[in-house]
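Coordinate analysis (summary)
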Amino acid sequence: MKKITVKNLIEFRGKNDRTKITFVNNLKKVKEKSDDDSGGGDYWISCLSAIRNTFRYNNLDLLDEKIELLRDKINISEIKRIKNQFQRNIDIVHNFKDYDFQHLKPNVDLTFLKQVKHQLLLEIEGLPVEAKPCHIFSFSENDSEEIGGVWFVAKLNGFNKSELGMFADILYRYLDKHYSKKFYVNPDYCIAIDLYNSHEVNYTDIQTGKITALIDKTIDEINSN
């Protein structure tokens, strides 16, 4: 078992006692696989890339460009499954045309930081959990050097807010581990956004008890199986 994704943790929580044991055993057999949980896997990569770039460059035109590109792909493809995939991505991109991206970041200049691959695994109670947010950024505000990040995620029918909070939790831990010596990790800007239903959770929601913290409880249960 080289890594556990947040998606793995969420899947585990949805299992019954018998299938949880099987699920953990299967996780232990997995050496390494390409599973980009930042966007729910390749199925959602088109909408993820468009929304991620729109956030970074503050350019809503990128959404229209992606919609047109996906429509062209639908017209070319003869496979219904592929057409449906592109259409679902279009639906999400279209829904975000009226989304307020500005509230996800402070109204100051941001410096986007490159994520270092070997830092993406967090060891939590002996388990390697992958932290793969879409963007991390630093900024100066009120004479304070701060850092935050966003993690856009998606799956069919979306995540509930407690599940979404698990992404925000891992994002905060990732920033706290690697950047807290230089920056104040601002919990208001450690945000996970569900692309399917536009729900969002930040780490402040967890600190205040608005959203239940589930990471440690879930990992404890995995370790007990």
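As for the sheet that holds strand 5 (residues 144-153)
The mixed open sheet is built from five strands, whose spatial order is 1-4-5-6-7. A single partner strand is all that each edge strand has here, and the edge strands are strand 1 (111-112) and strand 7 (200-202). Here three bridges tie strand 6 (residues 184-194) to strand 7, and the two strands are oriented antiparallel to one another. Looking at strand 7, one finds that Ile193 is bridged to Glu200.

Observations regarding the packing of helix 4 (residues 61-76) against helix 5 (residues 80-95)
For the pair helix 4 and helix 5, interaxial distance at closest approach is 9 Å and the crossing angle is 165°. Here helix 4 lies roughly antiparallel to helix 5, going by the angle between them. The crossing of helix 4 and helix 5 is left-handed. Here helix 4 contributes Leu63, Lys66, Ile67, Leu70, Arg71, Lys73, Ile74 and Asn75 to the contact with helix 5, which in turn contributes Lys83, Phe86, Gln87, Asn89, Ile90, Val93 and His94. Here the contact of helix 4 with helix 5 is built from residues that sort into seven nonpolar, four polar and four charged.

Comments concerning the pattern of salt bridges
Within the structure shown, the criterion is met by six salt bridges. Here Glu68 and Arg71 are joined by a salt bridge, their closest N and O atoms 3.1 Å apart. Here the residue Glu68 and the residue Arg71 both occupy positions in helix 4, the gap between them amounting to three residues, near one helical turn. Since its relative accessible area comes to 41%, Arg71 is described here as partly exposed.

Some thoughts on the side chain of Asp205
Tracing the backbone shows Asp205 in helix 7 (residues 203-207). Those residues within four positions of Asp205 in sequence are excluded, and the remaining contacts are Lys210 and Ile211.

Considering helix 1 (residues 6-13)
All of the buried residues along helix 1 are Val6, Asn8, Leu9, Ile10 and Phe12. Close packing links the buried residues of helix 1 with helix 2 (17-29), strand 3 (127-130), strand 5, helix 6 (161-179) and helix 8 (215-224).

Concerning helix 3 (residues 45-57)
Each α-helix winds once per 3.6 residues, and so residues spaced three or four apart point in a common direction. The terminal C-alpha atoms of helix 3 lie 18 Å apart, and with 13 residues this matches the ideal 18 Å at 1.5 Å per residue to within 8%. Taken residue by residue, helix 3 has Ser46, Cys47, Leu48, Ser49, Ala50, Ile51, Thr54 and Phe55 as its buried positions. Where the residues of helix 3 are buried, they touch helix 4, helix 5, strand 1, strand 4 (135-141) and strand 5. Two residues or fewer past helix 3, Asn58 is found with a positive phi of approximately 50°.

Remarks on unusual backbone geometry
Most peptide bonds take the trans form, and the phi angle of most residues other than glycine is negative. We note that Asn58 has phi near 50°; this positive angle belongs to a residue other than glycine. In this structure, Asn58 sits in the loop between helix 3 and helix 4. Phi at Glu125 takes a positive value of approximately 50°, unusual for a residue other than glycine. Tracing the chain through its elements places Glu125 in the loop between strand 2 (121-124) and strand 3.

Quick word on the environment of Phe12
One can find Phe12 in helix 1. A relative accessible area of 0% places Phe12 in the buried class. Residues Phe12 and Ile222 lie 210 residues apart in sequence; the distance between their C-alpha atoms is 8.0 Å. Setting aside its immediate chain neighbours within four residues, Phe12 contacts Lys20, Phe23, Val24, Thr218, Glu221, Ile222 and Asn225.

Conventions we followed
Residues numbered from 1 in each chain as written. Predicted model: local features only at pLDDT ≥ 70, side-chain atom pairs only at ≥ 80, totals over all residues. Heavy atoms only, no water. Pairing = 2+ DSSP bridges. Helix = DSSP H or I, 4+ residues; strand = E, 2+ residues; numbered from the N terminus. Axes fitted to C-alpha atoms, helices over the stretch in contact; angles between N-to-C directions. Parallel < 35°, antiparallel > 145°, perpendicular 65-115°, else oblique. Left-handed = near helix turned anticlockwise from the far one by under 90°. Contact = heavy atoms within 4.5 Å. Nonpolar A, V, L, I, M, F, W, Y, C, P; charged D, E, K, R; others polar. Salt bridge = Lys/Arg side-chain N within 4 Å of Asp/Glu carboxyl O. Buried < 20%, exposed > 50% of the residue type's maximum accessible area, 1.4 Å probe, protein only. Expected span 1.5 Å × (residues − 1).

Without other data, these values stay purely geometric and don't point to any function.
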